[in-house]
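# Residue-level structural notes
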Amino acid sequence: MKTGEQRGLFPGALEMMILRTLKRQPLHGYALAQHIKRTSNDLLQIEEGSLYPALQRLLKEELVKAEWGISSTNRRVRIYKLTAAGAKHLQHEVSRFEKMLEGITRVLAPGES
Amino acid sequence: MRWLTQLFWRRRVYGHLSQEIREHLEQKIEELVASGMPRKEATYVARREFGNVTLTEEDSRKVWRWPSIEEFLTDIRFGLRILRKNPGFAAVAVLTLALGIGANTAMFSVVYGALLSPLPYPNSEQLVMVWSKVNGHRNAVCAADFLEWKRQNSAFQDVVAWSEGTFSLSVSGNPESMQVRIPSPGFFNLQGIPLALGRDFVPEEGEAGRNHVVIMAHRLWHERFGSDPHIIGQQVRLNAEPYTVVGVLAAGMPDRFEAHLFVPLVLRPDQINHQFHWLTVMGRLKPGVTLQQANADMEAVTRRIAETYPVSNKGWGASVEPLKNNFTSRETIKDLWLLMGAVGFVLLIACVNVANLLLARATIRQKEVALRASLGATRGQLFSQFLTESLALALVGGALGVGLAWMLLKAIVVLLPQYSVPTEADIRLNLPVLLFSLAATILAGVLCGCAPSWQISHRNLSNALKEGGRYASSAGRQGLRRTLVVLEFALALTLLAGAGLVIHSFWKLTRVNLGFREDHLLTFSLPLRVERFVQPEQITIVLPPGTRED
């Protein structure tokens, strides 16, 4: 997968999931990828590499910040943290997504019409 | 300032990125190995789950870039590198394009200088020619009409009239026949031509007896008077009479006038009539007055004159016309544009030629393209890369072309027949011309790059890889190349036919029967003062040996 769009993920979906994951705790890229894979039950089939362009976009927008640190396995890793702006952005995006999802669900719901 | 910090941080960002991705892969491999997978397989799995590493890095970097410009520059650099690798191909293509662009730049300099550029006068759009008009044709102006116009009009800041003459200028005993313009006082002020020394004629110098004053062009002052800084107030001999120098024009445009000497126009009482049309009249419109308003004003003025002098002036009106291109015939304008079209064709032919060369070379680069595509280059990227290569080619060609145009212009300015372009026209490489060249260059690059680039980026790539380096040429490309050759021939034939027709009419012109043998015949005129040579017997013509007087 090159970008979210090509797998049917809507633009911004990956970023939203990253922000949500980082809200729980700061993580480095590899751990972030594993966490998203695990929690999504691998349903999304995200290529691990596709996280990095998304992380760069978030860095550029200053929604996350990154610092070099040491991982639990004693590796030098870059640890990403949610910024205040990132938290706000996440909230906004999630509420937008929920509305969208609700709309879609209503349309798809059987029985009515 | 954010972009500036970004620029400096970018290299670090890129470094972080590569390191981070490396760590990511290693960590994954370690974990897989720890779970019991052989290292080799673990490496393979890690890479597969990660995806295309190069592409990921590229996409991540792209976030920090101003994408199009930087990609364009990278492509240009790459294009130039490819060109350096193939000097023979590059030389042929660049020279072909240089010829096309050079010819176009040179021709456009002429067209721009002669037809398009604003005239080199302050507020030049206010400058108009005022002609007498009879039966719809323009005519020179008679002195009495000019004086009436000057008095009665309300559209002009000022109007001036002039005639031309030939005077004999003597400097230290060497007489030389000079063309002289004889304008009414205020001529230079009206046009806004600056003087390097002295002043414009004052109104009193338009009266008989006060008119022995002269203004000269900068070039004449330089060539005949050694740029004498004390020339104002000195006397020169014109037609054997003393004239006081009152002004020297600033260097530049006035040096291109036919006349380099100016004496004031005096209207003698016997010349002030409504019959003899001999003056050329120029005016400067008042600010905000349009051509239509000026024409309406002059119509009222001429109608009043015609009512007062019905015998001479019935049917005579006036026509106010922009100065710009007023002295350039329709024929000349048409010819200039035709020539521009012809060199445009030359550039098109050059483009088709280079396009064909590029296509031929694309065959050789099939494998490279297939490899790039399999490494993740999109069609768009391939297309833009090849297009940029041809643009790089065109840019080098364009730079050479401008140099070529510079040399061509030196010849053109000398060879250009007199009066074929306005005297004000400054034919040289200036900013608008260079912008035109840049546009022509980019157009050429796109024109000759489009077809090959499209071909390259839309080919069935797996075939190219399978063929394993054998240079197969598909039927489609052959078709395109054939089309280009046909196009090139069509263009060249059109050009050839046009050139042939011009040469044919020129040849016919040289064979028109004039009714006499024109070879070995000379004609010349000798300006003489009627006052000094009253009787024809006073004139002796000394002919060079071998010349016979018929």
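Quick caveat, the model's predicted, so the values are computed rather than measured.

This part is about the overall build of chain A. For chain A, the count of helices and strands is four helices and three strands. Starting at the N terminus, the α and β elements of chain A follow one another as α-β-α-α-β-β-α. A burial count over chain A gives 34% of its 113 residues as buried. Taking all contacts inside chain A whose residues are at least 6 apart in sequence as the whole, residues at least 24 apart take part in 53%.

Next up on the list: the overall build of chain B. Scanning chain B from terminus to terminus reveals 16 helices and twelve strands. When the 550 residues of chain B are sorted by exposure, 31% land in the buried category. Within chain B, residue pairs in contact and separated by at least 24 positions form 80% of the contacts whose partners lie at least 6 positions apart.

Our next topic: the interface of chain A and chain B. Each partner contributes to the interface: chain A provides 18 residues, whereas chain B provides 19 residues. Elements with a contribution of two residues or more to the side of chain A that touches chain B: α2 (29-39), α3 (51-60) and β3 (76-82) of chain A. Sort the elements by how many residues they give to the side of chain A that touches chain B and α3(A) lands first, with five residues. Here the side of chain A that touches chain B is built from residues that sort into five nonpolar, five polar and eight charged.

We now examine unusual backbone geometry. Glycine aside, the phi torsion of most residues is negative, and most peptide linkages are trans. All names here are of chain B. Phi is positive for Asn239, close to 50°, though the residue is something other than glycine. Counting through the fold element by element, Asn239 comes out in the loop between β8 (235-238) and β9 (241-249). On the neighbour-count criterion, Asn239 (18 C-beta atoms within 10 Å) is partly exposed. Non-glycine residue Asn325 carries a positive phi angle of around 60°.

The subject of this paragraph is the confidence of the model for chain B. When pLDDT is averaged across chain B, the result is 85; 93% of the residues are at 70 or more. Of the two predicted TM-score estimates for the complex, the pTM is 0.66 and the ipTM is 0.77.

Here we take up the pairing of strand β5 (residues 174-183) of chain B. Residue and element names in this part refer to chain B. Where strand β4 (residues 156-171) meets β5, ten bridges bridge the pair, whose relative direction is antiparallel. Of the residues in β5, the one forming a bridge with Ser168 is Ser177. Between β4 and β5, which pair antiparallel one after the other, the connecting turn spans two residues, and Ser172 there sits at a positive phi close to 45°. As paired strands, β5 and strand β10 (residues 261-262) are joined by two bridges and run parallel to one another. Bridge pairing in β10 places Val180 opposite Leu261.

Now for the packing of helix α1 (residues 13-24) of chain A against helix α4 (residues 84-108) of chain A. All names here are of chain A. Packing of α1 against α4 brings their axes to within 10 Å, and their N-to-C directions diverge by 125°. Classified by the angle their axes make, α1 and α4 are oblique. Handedness of the α1/α4 crossing: left-handed. Contact residues: α1 offers Met16, Leu19, Arg20 and Lys23, while α4 offers Gly86, Ala87, His89, Leu90, Glu93, Val94 and Phe97. Within the contact of α1 with α4, the residues separate by chemical class into six nonpolar, two polar and three charged.

What follows concerns the sheet that holds strand β2 (residues 64-70) of chain A. All names here are of chain A. The strand order β1-β3-β2 describes an open sheet built from three strands, whose pairing is antiparallel. The open sheet has two edge strands, β1 (27-28) and β2, and neither has a second partner. Pairing geometry for β1 and β3, over two bridges, is antiparallel. Directly across from Leu27, in β3, lies its bridge partner Tyr80. Most of the contacts of α1 go to β3, to which it runs at about 95°, and overall it touches β1, β2 and β3.

The next thing to look at is helix α12 (residues 366-374) of chain B. Residue and element names in this part refer to chain B. Within the span of α12, buried status applies to Gln366, Val369 and Ala373. Buried residues of α12, seen end-on, are gathered within an arc of 65° and therefore sit on one face of the element. Just beyond α12, the residue with positive phi is Gly376, at close to 115°.

What follows covers the packing of α1(A) against α2(A). All names here are of chain A. Where α1 meets α2, the axes come as close as 10 Å, and the angle between the chain directions of the two elements is 105°. In terms of axis orientation, α1 runs roughly perpendicular to α2. Residues Met17, Ile18 and Thr21 of α1 form the contact with α2, whose own contacting residues are Leu32, His35 and Ile36. Tallied by class, residues from the contact of α1 with α2 come to four nonpolar, two polar and no charged.

Before going further, it helps to examine the environment of A:His92. One can find A:His92 in helix α4. A C-alpha to C-alpha distance of 10.0 Å links A:His92 and A:Met16, two positions 76 residues apart in sequence.

To continue, consider the confidence of the model for chain A. All names here are of chain A. Summing up the model confidence of chain A, the mean pLDDT is 83 and the portion of residues at 70 or higher is 90%. Averaged pLDDT values over the elements of chain A bottom out at 87 in β2 and peak at 91 in α4. Scored below 50 in pLDDT, residues 1-6 makes 15 contacts in the model with residues more than four places away or belonging to other chains.

On to the pairing of β2(A), then. Residues and elements named next belong to chain A. Across seven bridges, the pairing between β2 and β3 is antiparallel. Residue pairing in the sheet places Lys65 in a bridge with Lys81 of β3. Once β2 ends, the chain turns through five residues before running back antiparallel as β3, passing Asn74 with a positive phi of about 65°.

The rules behind these values
Numbering of residues starts from 1 in every chain and runs along the sequence as written. Numbering of ligands from 1 and lettering of chains from A proceed in the order in which they are written. The predicted origin of the model limits local features to residues at a pLDDT of at least 70 and limits the giving and counting of side-chain atom pairs to 80 or more, whereas totals for whole chains, interfaces and linings rest on all residues. Strands here mean DSSP runs of E at least two residues long; helices mean DSSP runs of H or I at least four residues long; both are numbered from the N terminus. Remark: C-beta atoms are placed from the backbone, and a residue is labelled buried if 20 or more other C-beta atoms sit within 10 Å of its own, exposed if 12 or fewer do, or partly exposed between those counts. Whether two residues are in contact depends on their C-beta atoms, placed from the backbone: they are in contact if these lie within 7 Å. Amino acid classes used here: Ala, Val, Leu, Ile, Met, Phe, Trp, Tyr, Cys and Pro are nonpolar; Asp, Glu, Lys and Arg are charged; the rest, including Gly, are polar. The predictor reports its confidence for every residue as pLDDT, a score running from 0 up to 100. For two strands to be treated as a pair, DSSP must find no fewer than two bridges joining them. Axis lines are fitted through C-alpha atoms, for helices just across the contact stretch, and the angle between N-to-C directions can take any value from 0 to 180 degrees. Orientation categories follow fixed angle ranges, with anything under 35 degrees roughly parallel, anything over 145 roughly antiparallel, 65 to 115 roughly perpendicular, and all other angles oblique. Take the far helix as the reference: if the near one is turned anticlockwise from it by less than a right angle, the crossing is left-handed, and if turned clockwise, right-handed. It is the directions from the helix axis to the C-beta atoms that the arc portrays.

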